[in-house]
Amino acid sequence: MAATPGRTAQGDRKHPVDATLPPFKMFTSGLQHVAAMYAGVVAPPMIVGPACGLGPTETAFLMGASLFTAGIATLLQTLGFWKIGAKLPFVNGVSFAGVTPMVAIGKAQSPGDALPVIFGAVIVAGVLGFLLAPYFSRLVRFFPPVVTGTVITLIGVSLLPVAFNWSQGGNATAHDYGSPVNIGMAALTFVIVLVLRRVLRGFLQQISILLGLVAGTLIAIPVGITDFGAITGAAPVGFPTPFHFGAPQFDAAAIVSMCIVMLVCMTESTADMLALGKIVDRPADERTIEGGLRADTLGTAISPLFNGFANSAFAQNIGLVAMTKVRSRFVVATGGLILIVLGLCPVAASVISLVPLPVLGGAGIVLFGSVAASGIQTLATAAMDKGENALIVAASVGIGLIPIAAPRFYHDFPKDMLVVLDSGISTGCIVAIVLNLAFNHFGKRRGEPPLEVIPQQPERGAPDARPAGAH
């Protein structure tokens, strides 16, 4: 009997992606996703706000709006409606790809016009992406294991510098950046998470990241690196008033910049959906990717209404799914609801912000390393001993690592090109696709089938793509 959508091969029970958990487990697992992504959501508005001339109060408002819109976008992805949503445990939030062009737009405009121009450009980019989603999703056939494995590996490796930066304190201008205390707290949290993963069983093992963050935060209080200032200055309620900074304005140059960002986000989201599909044992087909891209772009188009920015996939949460093996999309939907509450209640959001960045960095090393390990496992199925697959991986990883190993490598290039070039995931993905086409498709002799025409099937009974050494 063929498996029906949303059910296992046995056809008698729901697929783990569509399963629900008891309320307490649902909440704590969803909170764990929020804790893993919180810093990534609030960081872009912390950068863009001051660049547009905002003070601390207005920047805090922008951070709350980003949490609120990330929650909406996550619900669109996980629950979905009509043909919108990947319906996978897929977390959405503010994309870092848009930070550089938004800062450039902000500096080119007067303070009163900066955010309205940015929001107008984001709306147009979101609408364009929504219209392109059905066509963009057809590129899935150009993502065989040699490409997806490369991109998944690059996602994990590209995120590790973020964890290292958090481990040092997050702010390179601070006097204690990289201090033994910060790095020591990161190392202690790292060890705590590993120990908890090793000694705990069942549900407690699944929330070991959350438990590690709590333990690390409690230890950080007497150490003196926990900042309670955010709680004392936070309001109990703060709805992100629509168009708080003024009606959107539409500037041609800004629109072009954000449309490029949208294409980059769609490329990364496609790779992320393929990676997540393998991890949860529900491969992302063309329809899934189309729905996921529609949710990404619709969330982006709606976000400026509530003073938010472009949204895309959060790869760090893929690492959390790979590590915990909690595959329910309703857990992530719960995380989306928590994000909305945090956006509406600044004082609640400030409680999450109590987690010091060094503590988050220590846990992040485990999370992001899990993503890279999943990519390596995917590459193991990519027939590396045949054709030029090894060369494809070598060249793609090499190009993808340039922005990580040499951040100023492209410093003399036009700023518009940096949107793509500064993303190792995007450049590595493009190189992998092009080389796969050149060596495994167009470069074949007449009558010889491409190496990747036969899809790689997971072993029967294998529940997901497990990082090496996972239990």
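Our subject is the structure listed above.
In this text the structure is predicted, and so the values were computed from the model without any measurement. (Residues numbered from 1 in each chain as written. Predicted model: local features only at pLDDT ≥ 70, side-chain atom pairs only at ≥ 80, totals over all residues. Heavy atoms only, no water.)

Caption draft 1: Helix α6 (residues 180-199), seen in detail. In this model, α6 (20 residues) spans 28 Å end to end at C-alpha, consistent with the 28 Å of a helix rising 1.5 Å per residue. Considered for burial, the residues of α6 that qualify are N182, M185, A186, T189, I192, V193, L196 and R197. Along the axis of α6, the buried positions cluster into a sector of 130°, meaning they face one direction only. For α6, exposure combined with an orientation more than 90 degrees from the buried face picks out P180, R198 and V199. (Helix = DSSP H or I, 4+ residues; strand = E, 2+ residues; numbered from the N terminus. Expected span 1.5 Å × (residues − 1). Buried < 20%, exposed > 50% of the residue type's maximum accessible area, 1.4 Å probe, protein only. Arc of directions from axis to C-beta.)

Caption draft 2: View of the packing of aromatic side chains. Here the structure, examined in full by the defined rule, presents five aromatic pairs. Pairing F68 with F306 gives two aromatic rings, centres 5.2 Å apart and planes at 65°, and the pair type is edge-to-face. Taken together, the residues F68 in helix α2 (residues 56-78) and F306 in the loop between α11 (286-302) and β2 (311-313) connect sequence positions 238 residues apart. For F306, a relative accessible area of 15% gives the class buried. The interplanar angle of 85° and the centroid separation of 5.0 Å between the aromatic rings of F409 and Y410 together place this pair among those described as edge-to-face. What makes Y410 buried here is its relative accessible area of 9%. (Phe/Tyr/Trp six-rings, centres within 6.5 Å; stacked < 30°, edge-to-face > 60°.)

Caption draft 3: Here's a closer look at the side chain of D272. Summarising the element assignment, D272 is placed in helix α10 (residues 252-279). Of the side chains bearing the opposite charge, K278 lies closest to the buried D272, which forms no salt bridge; the N-O distance is 13 Å. (Lys, Arg positive; Asp, Glu negative; His and termini not counted. Salt bridge = Lys/Arg side-chain N within 4 Å of Asp/Glu carboxyl O.)

Caption draft 4: Structural context of the pattern of salt bridges. Overall, the coordinates contain three salt bridges when judged by the stated rule. Among the salt bridges present, the one from D18 reaches R282, with a minimum N-O distance of 2.5 Å. Placement of the pair is D18 in the segment before α1 (23-51) and R282 in the loop between α10 and α11, with a sequence separation of 264 residues. For the salt bridge of R329 with D18, the shortest nitrogen-to-oxygen distance reads 2.8 Å. Taken together, the positions of R329 in helix α13 (residues 329-344) and D18 in the segment before α1 put the pair 311 residues apart, joining distant regions of the chain.

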